[in-house]
Amino acid sequence: MKHLVRTFVGIRVGRVVRRRLHALGTELKSGDPALKLPAIEDIHLTLQYLGNTPQEDIAPLGEAMAEAAEGFGPIEVLYRGLGAFPNAERPRVLWAGIEEPDGENRIGALAKAVGRSLRSVGYRPEKRAFHAHVTVARVHRRPPERVFEALGRSAANAEEMDFGTETLSELKLILSDPGNHPYHYIDLTTVDLEG
(Lines give C-alpha, C1' and ligand atoms only; values in the text may rest on other atoms or scores of the structure.)
Protein backbone atom coordinates (compact mmCIF):
# COMPACT_ATOMS: atom_id res chain seq x y z
CA MET A 1 0.00 0.00 0.00
CA LYS A 2 1.34 3.45 -0.95
CA HIS A 3 2.07 5.96 1.79
CA LEU A 4 0.02 9.10 1.04
CA VAL A 5 0.55 12.64 2.25
CA ARG A 6 -1.81 15.59 1.74
CA THR A 7 -0.21 18.34 -0.36
CA PHE A 8 -0.81 21.56 -2.25
CA VAL A 9 1.21 23.98 -4.36
CA GLY A 10 1.38 27.42 -2.80
CA ILE A 11 3.33 30.53 -1.93
CA ARG A 12 4.20 31.49 1.65
CA VAL A 13 3.23 35.00 2.75
CA GLY A 14 6.04 37.17 4.13
CA ARG A 15 6.49 37.86 7.83
CA VAL A 16 5.21 41.47 7.93
CA VAL A 17 2.01 40.73 5.99
CA ARG A 18 1.46 37.51 8.00
CA ARG A 19 1.53 39.53 11.22
CA ARG A 20 -1.00 42.04 9.90
CA LEU A 21 -3.36 39.35 8.61
CA HIS A 22 -3.08 37.39 11.85
CA ALA A 23 -3.78 40.58 13.84
CA LEU A 24 -6.95 41.11 11.79
CA GLY A 25 -8.02 37.49 12.36
CA THR A 26 -7.34 37.80 16.09
CA GLU A 27 -9.36 41.03 16.26
CA LEU A 28 -12.31 39.49 14.40
CA LYS A 29 -12.17 36.30 16.47
CA SER A 30 -11.88 38.08 19.82
CA GLY A 31 -12.26 34.79 21.66
CA ASP A 32 -15.27 33.55 19.65
CA PRO A 33 -14.95 29.81 18.88
CA ALA A 34 -16.92 30.28 15.62
CA LEU A 35 -13.68 31.48 13.98
CA LYS A 36 -10.62 29.25 13.50
CA LEU A 37 -7.40 31.03 12.57
CA PRO A 38 -4.49 29.50 10.68
CA ALA A 39 -1.21 29.39 12.58
CA ILE A 40 0.61 32.65 11.87
CA GLU A 41 3.62 30.86 10.31
CA ASP A 42 1.35 28.93 7.93
CA ILE A 43 -0.48 31.82 6.24
CA HIS A 44 -0.15 31.23 2.50
CA LEU A 45 -1.63 31.56 -0.98
CA THR A 46 -2.78 28.25 -2.52
CA LEU A 47 -2.26 27.86 -6.28
CA GLN A 48 -3.41 24.24 -6.58
CA TYR A 49 -4.68 21.73 -4.03
CA LEU A 50 -3.42 18.22 -4.77
CA GLY A 51 -4.87 16.20 -1.89
CA ASN A 52 -3.61 12.69 -1.12
CA THR A 53 -0.23 12.37 -2.80
CA PRO A 54 2.02 9.28 -2.99
CA GLN A 55 5.48 10.09 -1.66
CA GLU A 56 7.05 8.88 -4.91
CA ASP A 57 5.27 11.74 -6.70
CA ILE A 58 7.09 14.43 -4.70
CA ALA A 59 10.23 14.61 -6.91
CA PRO A 60 8.25 14.60 -10.21
CA LEU A 61 5.92 17.26 -8.79
CA GLY A 62 8.94 19.44 -8.03
CA GLU A 63 10.15 19.04 -11.62
CA ALA A 64 6.70 19.94 -12.96
CA MET A 65 6.58 23.01 -10.69
CA ALA A 66 10.00 24.13 -11.98
CA GLU A 67 8.72 23.78 -15.54
CA ALA A 68 5.63 25.84 -14.68
CA ALA A 69 7.71 28.59 -13.06
CA GLU A 70 10.01 29.11 -16.05
CA GLY A 71 9.88 32.66 -17.32
CA PHE A 72 7.67 34.09 -14.58
CA GLY A 73 10.12 35.89 -12.36
CA PRO A 74 9.17 37.43 -9.00
CA ILE A 75 5.65 38.87 -8.72
CA GLU A 76 4.89 42.06 -6.79
CA VAL A 77 1.56 41.90 -4.95
CA LEU A 78 -0.61 44.01 -2.68
CA TYR A 79 -2.79 42.44 0.02
CA ARG A 80 -5.98 44.45 0.32
CA GLY A 81 -9.58 44.08 1.40
CA LEU A 82 -11.58 41.48 3.29
CA GLY A 83 -13.98 39.10 1.56
CA ALA A 84 -15.81 35.86 2.24
CA PHE A 85 -16.60 32.55 0.59
CA PRO A 86 -19.26 31.68 -0.42
CA ASN A 87 -20.50 35.26 0.24
CA ALA A 88 -20.63 38.02 2.87
CA GLU A 89 -24.09 36.97 4.08
CA ARG A 90 -23.04 33.37 4.82
CA PRO A 91 -19.27 33.47 5.36
CA ARG A 92 -17.45 30.15 5.71
CA VAL A 93 -13.97 31.47 4.86
CA LEU A 94 -12.74 35.02 5.49
CA TRP A 95 -9.98 36.06 3.12
CA ALA A 96 -7.71 38.96 2.24
CA GLY A 97 -7.55 39.84 -1.44
CA ILE A 98 -4.38 39.87 -3.52
CA GLU A 99 -3.83 42.38 -6.31
CA GLU A 100 -0.93 43.17 -8.58
CA PRO A 101 -0.16 46.92 -8.56
CA ASP A 102 0.55 46.91 -12.31
CA GLY A 103 -2.92 45.43 -13.01
CA GLU A 104 -1.48 42.23 -14.46
CA ASN A 105 -2.73 38.80 -13.43
CA ARG A 106 0.58 36.95 -13.31
CA ILE A 107 -0.52 34.97 -10.24
CA GLY A 108 -3.53 33.67 -12.16
CA ALA A 109 -1.27 32.83 -15.11
CA LEU A 110 1.15 31.05 -12.76
CA ALA A 111 -1.72 29.03 -11.24
CA LYS A 112 -2.78 27.95 -14.75
CA ALA A 113 0.81 27.04 -15.68
CA VAL A 114 1.10 24.95 -12.50
CA GLY A 115 -2.16 23.16 -13.33
CA ARG A 116 -0.96 22.38 -16.88
CA SER A 117 2.46 21.14 -15.74
CA LEU A 118 1.08 18.92 -12.99
CA ARG A 119 -0.90 16.95 -15.58
CA SER A 120 2.36 15.25 -16.55
CA VAL A 121 2.45 13.72 -13.05
CA GLY A 122 -1.23 12.73 -13.16
CA TYR A 123 -2.88 15.66 -11.35
CA ARG A 124 -5.79 17.52 -12.92
CA PRO A 125 -6.02 21.32 -12.79
CA GLU A 126 -8.60 22.71 -10.38
CA LYS A 127 -12.07 22.94 -11.91
CA ARG A 128 -13.15 26.10 -10.11
CA ALA A 129 -11.89 29.47 -11.26
CA PHE A 130 -8.74 30.67 -9.50
CA HIS A 131 -9.26 33.56 -7.08
CA ALA A 132 -6.04 34.88 -5.53
CA HIS A 133 -6.60 35.18 -1.78
CA VAL A 134 -5.14 34.39 1.61
CA THR A 135 -7.33 32.73 4.24
CA VAL A 136 -7.64 34.88 7.37
CA ALA A 137 -10.11 32.61 9.23
CA ARG A 138 -12.49 29.70 8.76
CA VAL A 139 -16.02 30.16 10.08
CA HIS A 140 -17.71 27.16 11.71
CA ARG A 141 -21.05 28.73 12.62
CA ARG A 142 -22.64 32.18 12.55
CA PRO A 143 -19.80 34.60 13.29
CA PRO A 144 -20.03 37.61 15.61
CA GLU A 145 -21.52 40.84 14.26
CA ARG A 146 -18.05 42.46 14.05
CA VAL A 147 -17.24 40.11 11.14
CA PHE A 148 -20.22 41.40 9.12
CA GLU A 149 -19.27 44.98 10.00
CA ALA A 150 -15.70 44.44 8.78
CA LEU A 151 -16.94 42.84 5.54
CA GLY A 152 -19.26 45.81 5.01
CA ARG A 153 -16.48 48.35 5.62
CA SER A 154 -14.21 46.52 3.18
CA ALA A 155 -16.93 46.33 0.52
CA ALA A 156 -17.43 50.10 0.83
CA ASN A 157 -13.69 50.86 0.73
CA ALA A 158 -11.21 47.98 0.31
CA GLU A 159 -8.29 50.42 0.63
CA GLU A 160 -9.24 50.82 4.30
CA MET A 161 -7.87 47.30 4.79
CA ASP A 162 -4.41 47.51 3.26
CA PHE A 163 -2.08 44.82 4.63
CA GLY A 164 1.01 45.73 2.61
CA THR A 165 2.98 44.74 -0.45
CA GLU A 166 5.66 42.18 -1.07
CA THR A 167 7.45 40.38 -3.86
CA LEU A 168 6.62 36.70 -4.24
CA SER A 169 9.68 34.76 -5.32
CA GLU A 170 9.21 31.12 -4.27
CA LEU A 171 6.73 28.46 -5.32
CA LYS A 172 6.39 25.58 -2.85
CA LEU A 173 5.04 22.07 -2.64
CA ILE A 174 3.63 22.00 0.89
CA LEU A 175 2.56 19.08 3.06
CA SER A 176 -0.52 19.62 5.20
CA ASP A 177 -0.07 17.70 8.46
CA PRO A 178 -3.56 16.97 9.83
CA GLY A 179 -2.09 15.47 13.00
CA ASN A 180 -1.63 18.97 14.40
CA HIS A 181 -4.42 21.41 15.22
CA PRO A 182 -4.43 23.85 13.66
CA TYR A 183 -2.94 22.06 10.67
CA HIS A 184 0.78 22.51 10.33
CA TYR A 185 2.37 22.99 6.92
CA ILE A 186 5.79 21.64 5.96
CA ASP A 187 7.68 22.70 2.82
CA LEU A 188 8.66 19.68 0.71
CA THR A 189 10.01 21.42 -2.41
CA THR A 190 10.88 25.03 -3.22
CA VAL A 191 11.16 26.46 -6.74
CA ASP A 192 12.49 29.99 -7.30
CA LEU A 193 10.59 32.36 -9.57
CA GLU A 194 13.70 33.65 -11.33
CA GLY A 195 12.42 34.71 -14.75
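Here, every reference points to the structure presented above.
All values reported here derive from a predicted model rather than from experimental measurement.

Visitor: What is the right way to read the overall build of the chain from this model?
Guide: What the chain contains, in helices and strands, is 4 helices and 9 strands. Scanning the chain from its N terminus toward the C terminus, one meets helices and strands in the order β-α-β-β-α-β-β-α-β-α-β-β-β. Principal-axis analysis of the C-alpha atoms gives the chain an extent of 45 × 45 × 30 Å. Relative to its full complement of 195 residues, the chain shows a buried share of 49%. In the chain, once contacts between residues fewer than 6 apart in sequence are set aside, the share between residues at least 24 apart is 78%. Surface exposure of the chain reaches about 10200 Å², of which carbon and sulfur atoms provide 48%. When the 25 basic and 27 acidic side-chain charges of the chain are each reduced to a single mean position, those positions are 8 Å apart.

Visitor: How should I be thinking about the packing of aromatic side chains in this particular structure?
Guide: Each aromatic ring pair is summarised here by two numbers: the centre-to-centre distance and the angle between the ring planes. What the rule picks out here adds up to 2 aromatic pairs. Both rings, one in phenylalanine 8 and one in tyrosine 185, keep their centres 5.2 Å apart while their planes meet at 85 degrees; by these two values the pair is edge-to-face. With phenylalanine 8 in strand S1 (residues 4-12) and tyrosine 185 in strand S9 (residues 184-192), this residue pair connects regions lying 177 residues apart in the sequence. Residue class for phenylalanine 8 comes out buried when judged on its relative accessible area of 4%. Measuring from ring centre to ring centre gives 5.5 Å for phenylalanine 85 and tryptophan 95, while their planes differ by 35 degrees; the resulting arrangement is tilted. Of this pair, phenylalanine 85 sits in strand S4 (residues 75-85) while tryptophan 95 sits in strand S5 (residues 93-99), placing them 10 residues apart in sequence. On the basis of relative accessibility, which here comes to 14%, the residue tryptophan 95 falls in the buried class.

Visitor: When you look at the packing of helix H2 (residues 58-69) against helix H3 (residues 106-118) in this model, what are you seeing that I'm missing?
Guide: If you want to describe how two helices pack, look at the angle between their axes and the distance between the axes. Between H2 and H3, the least distance of the axes is 8 Å, while the angle of their chain directions is 140 degrees. Relative to H3, the element H2 lies oblique. Once H2 is placed against H3, the crossing between them reads as right-handed. In this structure, H2 uses Leu61, Ala64, Met65, Glu67, Ala68 and Ala69 to contact H3, whose residues at the interface are Leu110, Ala113, Val114, Ser117 and Leu118. For the contact of H2 with H3, a count of residues per class yields 9 nonpolar, 1 polar and 1 charged.

The rules behind these values
Residues numbered from 1 in each chain as written. Predicted model: local features only at pLDDT ≥ 70, side-chain atom pairs only at ≥ 80, totals over all residues. Heavy atoms only, no water. Helix = DSSP H or I, 4+ residues; strand = E, 2+ residues; numbered from the N terminus. Buried < 20%, exposed > 50% of the residue type's maximum accessible area, 1.4 Å probe, protein only. Contact = heavy atoms within 4.5 Å. Areas by Shrake-Rupley, 256 points an atom, 1.4 Å probe, with all protein chains shown as cover. Lys, Arg positive; Asp, Glu negative; His and termini not counted. Charge placed at Lys NZ, Arg CZ, Asp CG, Glu CD. Phe/Tyr/Trp six-rings, centres within 6.5 Å; stacked < 30°, edge-to-face > 60°. Axes fitted to C-alpha atoms, helices over the stretch in contact; angles between N-to-C directions. Parallel < 35°, antiparallel > 145°, perpendicular 65-115°, else oblique. Left-handed = near helix turned anticlockwise from the far one by under 90°. Nonpolar A, V, L, I, M, F, W, Y, C, P; charged D, E, K, R; others polar.

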